[in-house]
Amino acid sequence: MTCAPAPRLEIDLVKLSHNAGTLVSQLFERGISVTGVTKATLGLPEIVNTWLQAGVSGLGDSRVENIEAMRGSQIDASMTLIRTPMLSQVEKVVALANISFNTEMKVIRELSNAAKKANSIHKVVLMVELGDLREGIMPSLLKDSVREVCGLSNISFVGIGANLACRSGVSPDQRNMGELSALANSIDSDFGPIVEIVSGGNSANLEWALSGADTGRINNLRLGEALLLGCEPLHRKAIKGLYIDAISLVGEVIELKEKPAQSWGKVGQAAFGEVKSHGDQRTITQAIFALGRQDIDPDGLIPPPGLKILAASSDHLIVEVEDYFEEIKVGSEVCFQLNYSALLRAMTSPFIAKKFKTYKKD
Ligand SMILES: *Cc1c(COP(=O)(O)O)cnc(C)c1O
């Protein structure tokens, strides 16, 4: 292993390739393509190119800045903006994204104007509200929107989509996915066969999609978490056959001391809210890692057995070292696993280095 600074994310590209390839082929059998969602990685070229080689059909990001960065890294793929564009960014969206997800006619009209100026045609997917109450046009109003979009000179309507399980935790199932399929059929029967893309959702759709259920018209899913962490977000369960440790975080110990478990002195608020006195009379081995809330979500960090996370401030992660934990000293490196929330923050922290593993599997 080469030396890399701590803290660092260790990103195993072979495992990421396995995760992507496995899901791409399982979903392919059900007529579903995979859009790799790049937002949690800021469009990191090493990861994105690994996904493309593993067969994802395109890339999606919620921020046009990430799409711009991927274009700048010469990544050659279809890119979809999966959050409705800001009015203030329509020129950029038209210039950089092949497709955007939309719910507001005002925005789509401006996308058409921007595309006209750029002498191009911009593709639009209309997002439908199916009960999670995040983005989406109410189903009863969808056809009016389709009609209007089809009348715009520099917009091409290419399909519909939905997003569940993000705001309210509403699960994708036969009923709501069936409703999306029925909407696709109904648009086609009114307007002719114009619905090419029916994008059913995110990693939370996998349980439904791989259950053997009739997937109907759904022909695309947008996957981030499942590709990166091998995990589905509804029950935070590992997906069979995928690696859940393709990405880990290495932190370095900067203080190691025997200390009372219980703080002393008059107690007010701590930097990040209330602290409860727990009356713990023990003396413990306390380690501090050079990691903090700027770099990770402490609630989403999974330490190895024998370490227990006690607290975190902006720049200090405070951990109890239990007796059976391996030898640890100032300067020791320890490897943590991450959930999506911790991963998102670690990937976007400028203080965390990234190290890629590309060994050949034997
Ligand atoms: C983030 C996002 C996704 C990907 O979600 P995962 O749970 O990471 O698979 C898909 N669609 C939209 C609209 C998103 O914002």
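This structure is a prediction, so every number in the text was calculated from the model and none was measured.

1. Structural notes on the pattern of salt bridges
For step 1, the next point in the chain: This model, assessed by the stated rule, comprises 17 salt bridges.
For step 2, the next point in the chain: Across the salt bridge formed by Lys92 and Glu68, the nearest N and O atoms sit 3.1 Å from each other. Residue Lys92 is found in helix H4 (residues 90-96), and its partner Glu68 is found in helix H3 (residues 64-72); the two are separated by 24 residues along the sequence.
For step 3, the next point in the chain: Of the residues examined, Lys92 reaches a relative accessible area of 30% and is grouped as partly exposed.
For step 4, the next point in the chain: Between Glu320 and Arg282 there is a salt bridge; the shortest N-O distance is 3.0 Å. Here Arg282 lies in the loop between strand E12 (247-260) and strand E13 (283-289) and Glu320 lies in strand E16 (residues 317-321), a separation of 38 residues in the sequence.
For step 5, the next point in the chain: On the basis of relative accessible area, Arg282 is assigned to the partly exposed category, the value being 40%.
For step 6, the next point in the chain: Each of Asp280, Arg282, Lys308 and Glu320 takes part in a single network of salt bridges with overlapping partners.

2. Thoughts on the site of the ligand
For step 1, the next point in the chain: Taken together, 13 residues sit near the ligand, with Lys39, Ser203, Arg222, Gly224 and Glu225 positioned nearest.
For step 2, the next point in the chain: Here an oxygen atom of the ligand sits 2.9 Å away from a polar atom, N or O, in the main chain of Gly224.
For step 3, the next point in the chain: Separating an oxygen atom of the ligand from a backbone N or O atom of Glu225 is a distance of 2.8 Å.
For step 4, the next point in the chain: When isolated, the ligand has an accessible area of 390 Å², and the protein chains bury 94% of it.
For step 5, the next point in the chain: When atom positions are compared with the pocket grids, the ligand is found to occupy the second largest pocket.

Conventions used here
Residues numbered from 1 in each chain as written. Predicted model: local features only at pLDDT ≥ 70, side-chain atom pairs only at ≥ 80, totals over all residues. Heavy atoms only, no water. Salt bridge = Lys/Arg side-chain N within 4 Å of Asp/Glu carboxyl O. Helix = DSSP H or I, 4+ residues; strand = E, 2+ residues; numbered from the N terminus. Buried < 20%, exposed > 50% of the residue type's maximum accessible area, 1.4 Å probe, protein only. Near = heavy atom within 4 Å. Polar contact = N/O pair within 3.5 Å; in protein donor to acceptor, adjacent residues only side chain to side chain. Areas by Shrake-Rupley, 256 points an atom, 1.4 Å probe, with all protein chains shown as cover. 1 Å grid on protein atoms, 1.4 Å probe; cavity = no way out; pocket = protein on both sides within 12 Å on 5 of 7 lines; lining within 4 Å. Sits in = over half its atoms within 2 Å of the grid points.

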